[in-house]
Amino acid sequence: MLILILLFTKALIAQCNCEKIKRDDGAIINMCPSLPVASDKTTEIGLAAASNGGESFLTITIRFNNVAINVKSKITIRLVDNNLFSLEIINSGLSYIGNSQVTQAVFSLTESNIDLLKKSNLKTISFTMEDNLLHTYGIIANADIIKKQLFCL
């Protein structure tokens, strides 16, 4: 059984596209690529995992059809196994990717959150943006992306 687990873990790591980013301040960030998980008429949502070697993070990238607005609250995650938890926001900012306006936000992961995320796929995510509305998205693609990426960090 242990051999199967080791082989599975090696297969997951071989599929990782995470990059080590060396910041000006000397910190090395291990950042996995954001992959699409949900969308609606005006937005596309991508999620990714990241680490600075000591702490782990969940990042969200939101592409807007029109003017981008910032995420301003924690994110609430519901997993397929019906576990529900919230992550505190660290920062949020606006930028452009290609010709689209995007919001990027970073949320802190605890060891407990990581354990839950490694065991189950994503079902829904909810957060509030500067329009003061709660935005809830059902995960329709890449529901296992954070689970896979956490094994890569």
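As a reminder, the structure under discussion sits directly above these lines.
Residues numbered from 1 in each chain as written. Predicted model: local features only at pLDDT ≥ 70, side-chain atom pairs only at ≥ 80, totals over all residues. Heavy atoms only, no water.

Considerations on the side chain of S120
By secondary structure assignment, the location of S120 is in the loop between helix 2 (111–119) and strand 10 (122–128). Among the residues examined, S120 registers a relative accessible area of 7% and is labelled buried. Apart from the residues lying within four places of it in its own chain, the contact partners of S120 are L79, V80, D81 and K147. (Helix = DSSP H or I, 4+ residues; strand = E, 2+ residues; numbered from the N terminus. Buried < 20%, exposed > 50% of the residue type's maximum accessible area, 1.4 Å probe, protein only. Contact = heavy atoms within 4.5 Å.)

Points about unusual backbone geometry
In this structure, N82 takes a positive phi of about 70 degrees despite not being glycine. For N142, which is not glycine, the phi dihedral falls at a positive 50 degrees. Topologically, N142 is positioned in the loop between strand 11 (134–138) and helix 3 (145–152). Judged by relative accessible area, N142 falls into the partly exposed class, the value being 31%.

Some details on the pattern of salt bridges
Per the counting criterion, the structure on display carries three salt bridges. Between E44 and R63 there is a salt bridge, and its shortest N-O distance comes to 3.8 Å. With E44 in strand 4 (residues 43–51) and R63 in strand 5 (residues 56–64), the pair connects residues that are 19 residues apart, well separated along the chain. With a relative accessible area of 32%, R63 lands in the partly exposed category. For the salt bridge of D144 with K148, the shortest nitrogen-to-oxygen distance reads 3.2 Å. Among the residues examined, K148 registers a relative accessible area of 34% and is labelled partly exposed. (Salt bridge = Lys/Arg side-chain N within 4 Å of Asp/Glu carboxyl O.)

Brief notes about the pairing of strand 9 (residues 100–109)
Bridge count for strand 5 against strand 9 is eight bridges, and the pairing is antiparallel. For T59, the partnering residue across the bridge sits in strand 9 and is V106. Here strand 8 (residues 89–97) runs beside strand 9; their pairing, made up of eight bridges, is antiparallel. Bridging across to strand 9, I97 finds its partner in S100. (Pairing = 2+ DSSP bridges.)

A closer look at helix 2
Residues spaced three or four apart along an α-helix face the same direction, because each turn holds 3.6 residues. The complete set of buried residues in helix 2 reads N113, I114 and L117. Taken around the axis of helix 2, the buried residues stretch over an arc of 100 degrees, which confines them to a single face. Among the exposed residues of helix 2, those oriented more than 90 degrees off its buried face are E111 and K119. (Arc of directions from axis to C-beta.)

Side note on the sheet that holds strand 11
One open sheet holds the four strands; their spatial order is 7-6-10-11, and the pairing between them is antiparallel. The sheet is open, and its two borders are formed by strand 7 (84–87) and strand 11, each paired with just one other strand. Averaged over all pairs of adjacent strands, the angle between their axes in this sheet comes to 20 degrees, without regard to strand direction. Note that strand 6 (residues 75–79) and strand 10 share four bridges and pair antiparallel. (Axes fitted to C-alpha atoms, helices over the stretch in contact; angles between N-to-C directions.)

Side note on the environment of N52
Looking at the element boundaries, N52 is found in the loop between strand 4 and strand 5. Judged by its relative accessible area of 32%, N52 is partly exposed. In this view, N52 contacts I28, I29 and F57; residues no more than four positions away in its chain are not counted. There is a polar contact of 2.9 Å between the side chain of N52 and the backbone nitrogen of G54. A polar atom in the side chain of N52 sits 2.7 Å from the backbone nitrogen of E55. (Polar contact = N/O pair within 3.5 Å; in protein donor to acceptor, adjacent residues only side chain to side chain.)

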